[in-house]
Structure formats: C-alpha cells, structure tokens
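Summary of the model geometry
Letter by letter, the chains look like this.
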Amino acid sequence: MTEQTKVMIDKFGRTHDYLRISLIEKCNLRCTYCMPEHGIPLSPAKELMTAEEIGKFAEIFVGMGVKKIRLTGGEPFLRKDFEAIATALAAFPVELSITTNGILLDRNLPFLKSLGIKHLNFSLDTLQEDRFAAMTRRTGFQKTMENLNLAIQEGFNLKINCVLMKGDNADEVADFIRLTKNLPISVRFIEFMPFDGNKWNKSKLVSEAEILAAVEKEFGKESLISLPDEKNLTARKFKIAGHQGEFGIISSVTNPFCGTCNRIRLTANGRIKNCLFSNRETDLLKVMREGGNVEELILESIYHKKAVRAGMDDLEKLSDPDLHSQNRSMIAIGG
Ligand code: SAM
Ligand code: SF4
C-alpha cells in the first residue's frame with residue numbers, strides 16, 4: 001500500500017486526521033447525561049488496550065495522516081499509567097490535548113506542562129454546588145472550581161464544556177458567558193445528545209436557537225459577534241463585544257457538523273468508531289494482537305462512514321430510542 005492510499009478518506013471525500021482515544025471506561029463522576037446511575041458493564045481488563053498498544057495504534061494512525069490526538073475517557077487521569085501513555089504520544093508530531101472533568105487536574109498539571117500540553121477541554125456544567133451534585137451524582141464542586149482557576153492561572157488554552165439540560169442548568173447560559181468577560185477562555189455549550197442509558201428526551205434539550213435567544217436577551221443582539229468558522233468546525237463560535245473570551249455552541253442534535261467531520265474514535269477496548277453516533281465498531285485490538293492488517297480495517301471503517309450521524313440524518317431518527325440506544329453510553333465512547 002502506498003502512502004497516498006493510506007490516507008483516511010470516506011466516500012464523501014472527508015479526510016480524517018483527528019483521533020480521540022478513550023483511555024479508560026471508569027470515571028470519578030456519574031454525570032446523568034453520560035451514564036446510567038448503576039454504571040455500565042466494564043470490559044474485562046485483558047480486553048483493554050495496554051499503554052504499549054495505545055502507542056502502537058497512535059503510530060499507525062499518525063502514519064495514516066492523524067495530526068491531532070485527544071485523550072479522553074471515562075476520566076483519563078484515573079488511568080494509572082496515564083503519564084507513560086501521554087509521554088509516548090507526545091513524541092509524535094501531533095497536537096496532543098485532553099478532555100477532563102478537572103477533579104484530578106492539580107496533581108497532573110506539572111506533568112502536562114512538562115510535556116508541553118497547552119490545550120485542555122474542561123467539563124463543567126454548572127456554577128452552583130447543589131446542581132453540580134445533582135448533575136454528577138457526586139461531590140467535588142469546590143475542587144473542580146479550584147482546578148479550573150489553577151488551569152487558567154497556569155496559562156492553559158482552556159475550553160469549558162457545558163452540557164445544557166432543561167430543568168437542570170439551562171438558566172446558566174448568561175452566567176457562563178460572564179466568565180468570558182475578563183478571562184481568555186472559551187465556553188462551549190453542548191446540546192444534550194442521546195446515548196444508551198442516559199434517558200435522553202427532546203424536552204430536556206436546549207437547542208442552539210434557544211441558547212442564542214438567551215444570549216441576545218441578556219447581552220443584546222448588537223453585542224453578539226459571530227466569529228469565523230474553523231475548517232473542521234466542532235462548534236459555531238461567538239463572542240460578546242468587549243469580552244476577552246468567547247463562546248461556542250456544539251449543536252450536534254439540531255444543526256450537526258457532519259459535513260466537515262475529520263474525527264475518528266478509538267475506544268478503551270480498542271474498537272474504532274467512525275462516528276460518535278454509530279453502533280458499528282471494528283475490533284482493531286483483536287486484529288492487532290493476532291498480527292493482522294489493522295490499516296485495512298481502519299480504511300474500510302472510515303470509507304463506510306455515513307454522511308450524517310451514522311444515518312440518523314433527521315431529528316426524528318435521532319430521537320428514536322430503537323436507533324440511538326444501540327450505541328454505547330458516552331462514558332464508554334469518550335465524546
Ligand atoms: N470525563 C471527561 C470529561 O467529562 O470531560 C472526558 C470524557 S466525557 C465522556 C467527554 C465529554 O462528553 C464531556 O465534555 C461531556 O460533557 C460530554 N458528554 C457526555 N455525555 C454527553 C451527552 N449525552 N451529550 C452531550 N455531551 C456529552
Ligand atoms: Fe465522567 Fe466525563 Fe462522563 Fe461526567 S461526562 S460521567 S466526568 S466521563
């Protein structure tokens with residue numbers, strides 16, 4: 001196979017160069033939108049990728065054109081060999097970044113800095129302690145806020161991920177945007193997406209249109225500035241005039257970004273997912289362990305990616321539990 005044919009292009013011409021690797025299926029929070037209260041069935045330890053196998057996959061994907069790798073989970077800092085994995089991946093010519101709930105960030109910050117990691121996605125859904133407990137089914141609000149401030153002080157390029165849900169935190173849009181007044185951060189509001197076991201209901205969804213209406217009501221239409229789209233956009237970006245930071249909306253439910261999607265996901269048990277919403281997975285780890293041709297399988301998986309949300313191309317299909325419940329819970333995908 002020549003270098004050229006190894007590039008991951010699907011049948012719609014989308015080139016894939018961004019890999020999200022889930023390091024672990026476990027988490028120290030229990031976010032209601034992400035996982036069922038009773039947890040998920042965990043893969044047996046021997047079926048999870050080892051640090052060495054993660055390094056081998058990274059090498060393969062980088063050889064196939066990946067330029068950006070994000071480490072996610074579960075909670076990536078819970079992985080005991082996190083430092084070994086991140087050190088190995090930082091040696092590749094990629095932009096390495098992490099998505100975390102932030103609870104264990106303080107003890108990992110010096111290490112992240114030593115690796116030269118600059119980008120952090122930090123999940124925080126509410127600025128109110130009682131709501132944090134309800135939404136995450138755990139305590140930890142104070143620690144999360146301390147670590148958020150620490151990451152800002154230490155100069156990380158910070159994106160706050162905030163999943164909005166009616167009845168929980170939908171009224172906090174303006175409070176989050178106020179954080180961007182004097183801080184150079186980006187707040188990204190994420191539409192609540194349906195996955196197995198998260199009791200998704202359209203009535204809980206806060207849509208892009210509703211978010212923008214709330215922003216205009218609070219800050220005035222004239223203050224809302226639309227920022228240019230990025231090449232492989234994951235969020236539509238805005239800022240309020242005079243604010244240092246910005247905000248974005250990830251509208252995967254009401255206005256998806258599939259047309260420019262460049263993302264591939266590798267689960268902690270070594271399966272490739274060509275779309276966040278797809279229940280079709282290819283077991284790369286098994287094939288790698290048997291000495292088979294992993295690259296062929298990757299190319300095949302990417303090629304067969306559907307145009308929009310694994311075939312759930314309208315809201316009616318996405319809302320159908322018979323379709324979206326066949327997918328994993330988000331905690332076992334990684335976002
Ligand atoms: N534990 C880390 C964290 O929370 O940042 C990384 C894993 S978490 C699965 C990755 C991202 O997925 C988080 O920002 C989380 O808010 C988002 N997420 C989880 N379930 C979601 C859902 N149903 N709809 C939208 N976003 C979701
Ligand atoms: Fe854990 Fe992140 Fe899922 Fe919350 S969103 S339960 S922090 S994996």
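Above this text is the structure in question.
These lines cover the structure that appears in this document, whether it is placed above or below. Everything numeric in this text was worked out from a predicted model, so none of it was measured. (Residues numbered from 1 in each chain as written. Chains lettered and ligands numbered in written order. Predicted model: local features only at pLDDT ≥ 70, side-chain atom pairs only at ≥ 80, totals over all residues. Heavy atoms only, no water.)

**Brief notes about the site of ligand 2**
Taken together, Cys 27, Leu 29, Cys 31, Tyr 33, Cys 34, Met 35, Gly 74, Asn 101 and Ile 331 make up the full set of residues adjacent to ligand 2. In terms of residue class, the shell around ligand 2 is made up of 7 nonpolar, 2 polar and no charged. (Near = heavy atom within 4 Å. Nonpolar A, V, L, I, M, F, W, Y, C, P; charged D, E, K, R; others polar.)

**Remarks on the site of ligand 1**
Close contacts around ligand 1 come from 20 residues, with Tyr 33, Gly 74, Ser 123, Asn 161 and Met 193 the closest. With respect to ligand 1, the backbone of Gly 74 contributes an N or O atom lying 3.0 Å from a nitrogen atom. Note that a nitrogen atom of ligand 1 is positioned 3.2 Å from one of the side-chain N or O atoms of Asn 198. In the complex, 95% of the free accessible area of ligand 1, which totals 540 Å², lies under the protein chains. Elements with a minimum of two residues in the shell around ligand 1: strand 3 (95-100), strand 5 (157-164) and strand 6 (186-191). Each residue belonging to the shell around ligand 1 can be placed in one class, and the counts come to 8 nonpolar, 10 polar and 2 charged. (Polar contact = N/O pair within 3.5 Å; in protein donor to acceptor, adjacent residues only side chain to side chain. Areas by Shrake-Rupley, 256 points an atom, 1.4 Å probe, with all protein chains shown as cover. Helix = DSSP H or I, 4+ residues; strand = E, 2+ residues; numbered from the N terminus.)

**Here we look at the pattern of salt bridges**
For the structure shown, the criterion picks out 21 salt bridges. Here Arg 79 and Asp 81 are joined by a salt bridge, their closest N and O atoms 2.7 Å apart. Between Asp 313 and Lys 317 there is a salt bridge whose closest N-O contact spans 2.6 Å. Note on Asp 313: relative accessible area 46%, which makes it partly exposed. (Salt bridge = Lys/Arg side-chain N within 4 Å of Asp/Glu carboxyl O. Buried < 20%, exposed > 50% of the residue type's maximum accessible area, 1.4 Å probe, protein only.)

**A short note on the packing of helix 1 (residues 51-63) against helix 9 (residues 294-303)**
Where helix 1 contacts helix 9, the axes come no closer than 11 Å and their chain directions differ by 60 degrees. With respect to each other, helix 1 and helix 9 are oriented oblique. For the crossing formed where helix 1 meets helix 9, the hand is right-handed. Packed against helix 1, whose contacting residues are Phe 57, Ile 60 and Phe 61, the element helix 9 presents Val 294, Glu 295 and Ile 298 at the interface. Residues belonging to the contact of helix 1 with helix 9 are distributed by class as follows: 5 nonpolar, no polar and 1 charged. (Axes fitted to C-alpha atoms, helices over the stretch in contact; angles between N-to-C directions. Parallel < 35°, antiparallel > 145°, perpendicular 65-115°, else oblique. Left-handed = near helix turned anticlockwise from the far one by under 90°. Contact = heavy atoms within 4.5 Å.)

**Observations concerning the pairing of strand 5**
Of all the 8 residues making up strand 5, 6 are buried; the element is thus mostly covered by neighbouring parts of the structure. The pairing of strand 4 (residues 119-123) with strand 5 spans 5 bridges and is classified as parallel. Of the residues in strand 5, the one forming a bridge with Phe 122 is Ile 160. Summarising the sheet, strand 5 and strand 6 pair through 6 bridges and their orientation is parallel. Opposite Leu 164, over in strand 6, you have Glu 191 as the bridge partner. Note that the unit made of strand 5, helix 6 (residues 173-179) and strand 6 has a crossover that is right-handed. (Pairing = 2+ DSSP bridges. Right-handed = clockwise from strand over helix to strand, strands pointing away.)

**Some remarks on the packing of aromatic side chains**
Using the criterion set out here, one finds 8 aromatic pairs in the structure. Summarising the aromatic geometry, the rings of Phe 238 and Phe 247 are spaced 5.4 Å apart at their centres and angled 25 degrees between planes, so their arrangement reads as stacked. Neither Phe 238 nor Phe 247 differs from the other in exposure class; each is buried. Taken together, Phe 176, Phe 189, Phe 238 and Phe 247 form an aromatic cluster joined through their ring pairs. Geometry around Tyr 303 places Lys 11 over its ring, the cationic atom sitting 5.9 Å from the centre. (Phe/Tyr/Trp six-rings, centres within 6.5 Å; stacked < 30°, edge-to-face > 60°. Lys NZ or Arg CZ within 6 Å of the ring centre and 35° of its normal.)

**A look at the sheet that holds strand 9 (residues 246-250)**
Sheet architecture is open: 12 strands sit in the order 7-8-9-6-5-4-3-2-1-10-11-12, paired in mixed fashion. Each edge of the sheet is formed by a strand with only one pairing partner; in this case those strands are strand 7 (224-226) and strand 12 (281-283). Shown here is a sheet whose adjacent strand axes are inclined to one another by a mean of 25 degrees, direction ignored. Most of the contacts of helix 1 go to strand 10 (residues 263-266), to which it runs at about 160 degrees, and overall it touches strand 1 (18-22), strand 2 (68-72), strand 10 and strand 11 (271-273).

**What about helix 4 (residues 129-136)?**
For helix 4, the full list of buried residues reads Arg 131, Phe 132, Met 135 and Thr 136. Buried residues of helix 4, seen end-on, are gathered within an arc of 115 degrees and therefore sit on one face of the element. For helix 4, the exposed residues lying more than 90 degrees away from the buried face are Asp 130 and Ala 134. The inward-facing, buried residues of helix 4 contact helix 5 (141-153) and strand 5. (Arc of directions from axis to C-beta.)

In short, the description is geometric, and any link to function would need to be established separately.
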